[in-house]
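Structural description and commentary
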Amino acid sequence: MQWADAPLPPRWRASALPPNLPPAVKYVPFAARAPAHSVVLRLSLPPNGTAAVGAVRTAAFAPAGMLCADGTLAGGAPLAFSDAILVAQSRWVAEGLLRSGAPAERVALAPLGVNVDVFAHRSTGERLSSSDAAARASDASVRALRRGLGWGEAGEAVVDDGEGQRMRAARFAFLHVAPAAATVDGANGRPLAAVVEAFADVLARWPAEGGGAPEPVLVLLGLGSATNEAAIVGSASPSAAGAHTMAHLRNGSGRVVRLGGAWPEAAVAQLFRACDALVTAEGADGYAPDLSRAAAAGLVVIAPSGAAVEELVDESFALLVPSELADAPGAPCGLTLRTSQQALARAMLRAATDRELRGAASVAGPRHARERLRMETTVDVLLGILQDDMWPDDQV
């Protein structure tokens, strides 16, 4: 196993590899020679796509960042000379590699998988076995997390407090996962700013258009709860747009929750399952694990249409917002798929008020994940790629 071709920050290097690799799995530094008769799986494709020195076979994950939002190869360099197996995790990436000159026999598809047993939504009437104590405990933890955050039980309606006053016993929680090191004014913070602005639009139309549904709350995972606004904005002097977004963050009155720090997978799964919808504002990502996680957790998914998004979700539990190519400095080829704030707000308002959609997503998403997005399927495909019978018998 090899990591990336480019140097990584120390804080990433320390956590990049599993602490306990199986005996037959070795980590080979990128520039080092691989052991004789070894099979190398690269977790990040080098620019030239060449095989690892000394390896019998090399397979390399082809990150979506290799492609521009229009499906062309970033940088324009052909891949016809690649002698590594390029593993795409979406058809959109695989087709882009082929259009860019990668030999068909060197392109493989291993659909993105999710650990369904960790993220699966359990409150859909499924019958749990008596041995599934861990799942029951996890359900209880999710309910406790919602109560602790003041959201109440998922799906609770507006109730009467006994004195003629109607009160909302629950919140509808939108989850947005911010990119690493995202800032409101940074290039990778545009989806964050768009989601915050769209949420502000939803609040401006609430409760008039809420129909008595639970009040919405926006959870920003990865942004952090720091009071240092310069760190969130990305500069000491925010742009006009950045200042506008920050004003919405300040004025959320408890309706915007910022969660930062390093989260283990089990904690992330609990947070996903505690929320009601996942919302993102930019697409063109051929590797979008949060969409798969949201499907398994039974959330309504709100995302731009196009690229690989429609391979991971379907309209039984997702609201796909029309998108178009837009300039995005810092993105491959300076392009991204972006949707309008107004369209995003309309989708968020529908998700928060359409009880039938929420109920359908809690069943359809997990079923979709089990049938099409299981991590075990990804592993089976990878093993098939790495154990291909084209090898000479004495080298297997």
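Note that the structure is a prediction, hence the values are computed from the model and not measured.

1. What about the overall build of the protein?
- Per the secondary structure count, the protein includes 13 helices and 14 strands.
- Per-residue burial over the protein gives 46% buried out of 396 residues.
- Carbon together with sulfur atoms contributes 54% to the accessible area of the protein, which is approximately 18,600 Å² in total.

2. Brief notes about the packing of helix H5 (residues 190–204) against helix H11 (residues 341–353)
- Contact geometry of H5 with H11 gives a least axis separation of 8 Å together with a crossing angle of 60 degrees. What the angle tells us is that H5 and H11 run oblique. The element H5 and its partner H11 pack so that their crossing is right-handed. Across the interface between the two elements, Ala 194, Val 195, Glu 197, Ala 198, Phe 199, Asp 201 and Val 202 from H5 touch Gln 341, Leu 344, Ala 345, Met 348 and Leu 349 from H11.
- Of the residues that constitute the contact of H5 with H11, the class distribution is nine nonpolar, one polar and two charged.

3. Regarding the sheet that holds strand S1 (residues 39–42)
- Pairing within the open sheet is parallel, and its four strands lie in the order S1-S2-S3-S4. Where the open sheet ends on each side, the last strands, each with one partner, are S1 and strand S4 (107–109). With direction set aside, neighbouring strand axes in the sheet form an average angle of 25 degrees.
- Packed on one face of the sheet, helix H13 (residues 375–386) meets S1, strand S2 (57–61), strand S3 (85–88) and S4 and runs near 145 degrees to S2.

4. Looking at the nonpolar core
- Counting residues in hydrophobic clusters, the biggest one holds 69 residues, and the most contacted among them are Phe 174, Phe 272, Leu 291, Ile 302, Leu 344 and Met 348.
- Ranked by residues supplied to this core, first place goes to H11 with eight residues.
- With sequence-adjacent residues up to four places away left out, Ile 302 is seen in contact with Phe 174, Leu 278, Val 279, Thr 280, Leu 319, Val 321, Leu 344, Ala 347, Met 348 and Ala 351.
- Of all hydrophobic cores here, the second largest spans 13 residues; its members include Leu 67, Leu 86, Leu 97 and Ala 102.

5. Digging into the sheet that holds strand S9 (residues 256–259)
- Pairing is parallel in the open sheet, where six strands are placed in the order S9-S8-S7-S10-S11-S12. Whereas interior strands pair on both sides, the edge strands pair on one side only; in this sheet they are S9 and strand S12 (318–321). Taking the axes of each pair of neighbouring strands and ignoring which way they run, one obtains an average angle of 20 degrees across the sheet.

6. Some points on the environment of Pro 191
- Position of Pro 191 among the secondary structure elements: in helix H5.
- Relative accessible area serves as the criterion here: at 10%, Pro 191 is assigned to the buried category.
- In this structure, the C-alpha to C-alpha distance between Pro 191 and Ala 281, residues 90 residues apart in sequence, is 4.8 Å.
- Look past the residues within four positions of Pro 191 in its chain and what remains in contact with it is His 176, Ala 281 and Glu 282.

7. Considering unusual backbone geometry
- Residue Trp 206 is joined to Pro 207 through a cis peptide bond whose omega torsion reads 5 degrees.
- In this structure, Pro 207 sits in the loop between H5 and strand S8 (215–221).
- Of note, His 37 is a non-glycine position whose phi angle comes to about 60 degrees, a positive value.
- When you line up the elements, His 37 lands in the loop between helix H1 (10–16) and S1.

8. A look at the environment of Gly 365
- Note that Gly 365 resides in helix H12 (residues 355–372).
- In contact with Gly 365, not counting residues within four places along its chain, are Ala 295, Ala 296, Phe 317 and Ala 360.

9. Here's the deal with the pairing of S2
- The element S2 is extensively covered by neighbouring structure, given that five of its five residues are classed as buried.
- Neither face of S2 is open: one carries Arg 57, Ala 59 and Phe 61, the other Thr 58 and Ala 60, and all of them are buried.
- Here four bridges tie S1 to S2, and the two strands are oriented parallel to one another. Each residue of the ladder has a partner; that of Val 40, found in S2, is Thr 58.
- One ladder, built from three bridges, connects S2 with S3; its direction is parallel. Bridge pairing in S3 links Ala 60 to Leu 86.

10. Considerations on the environment of Val 217
- Within the fold, Val 217 resides in strand S8.
- Remark: the alpha-carbon pair of Val 217 and Ala 352, spanning 135 residues in sequence, is separated by 9.9 Å.

11. A few points about the pattern of salt bridges
- This structure, assessed with the given rule, holds nine salt bridges.
- Residues Arg 255 and Glu 215 are paired through a salt bridge, measuring 3.8 Å at the closest nitrogen-oxygen approach. Of the two residues, Arg 255 is situated in the loop between helix H7 (240–250) and S9 and Glu 215 in strand S8; the sequence distance between them amounts to 40 residues.
- For Arg 255, a relative accessible area of 22% puts it in the partly exposed group.
- Two residues, Arg 350 and Asp 354, come together in a salt bridge whose shortest N-O distance is 3.3 Å.
- It is possible to trace a salt-bridge network through shared partners that takes in Asp 117, Arg 374 and Glu 376.

Conventions adopted
- Numbering of residues starts from 1 in each chain and follows the order in which that chain's sequence is written.
- For this predicted model, a pLDDT threshold of at least 70 governs which residues receive local features, and a threshold of 80 or more governs which side-chain atom pairs are given and counted, while totals over whole chains, interfaces and linings are taken from all residues.
- Only hydrogens and water are set aside when side-chain values are computed; all heavy atoms of the structure are taken into account.
- Helix and strand assignments follow DSSP, with helices taken as H or I runs no shorter than four residues and strands as E runs no shorter than two, numbered in order from the N terminus.
- Here the term buried applies to any residue with accessible area under 20% of the maximum for its type, exposed to any over 50%, and partly exposed to those in between, with areas from a 1.4 Å probe on protein chains only.
- We get accessible surface area from the Shrake-Rupley algorithm with a probe of 1.4 Å; when it comes to residues, only the shown protein chains can shield them.
- Axis lines are fitted to C-alpha atoms, over the contacting stretch for helices. Their N-to-C directions set the angle, which ranges from 0 to 180 degrees.
- Roughly parallel refers to an angle under 35 degrees, roughly antiparallel to one over 145, roughly perpendicular to one between 65 and 115, and oblique to any angle outside these ranges.
- Handedness of a helix crossing follows the sense of rotation of the near helix relative to the far helix, less than a right angle counterclockwise being left-handed and clockwise being right-handed.
- Throughout, a residue-residue contact means that at least one pair of heavy atoms, one from each residue, lies within 4.5 Å.
- Note on residue categories: nonpolar means Ala, Val, Leu, Ile, Met, Phe, Trp, Tyr, Cys or Pro, charged means Asp, Glu, Lys or Arg, and polar means any other residue, Gly included.
- For two strands to count as paired, DSSP must find a minimum of two bridges between them.
- By convention a nonpolar core is built from buried Ala, Val, Leu, Ile, Met, Phe, Trp, Tyr and Cys residues, the set being connected through side-chain atoms within 4.5 Å.
- By convention in these notes, a salt bridge is any Lys or Arg side-chain nitrogen within 4 Å of a carboxyl oxygen on Asp or Glu.

Just distances and angles here, no functional claims.
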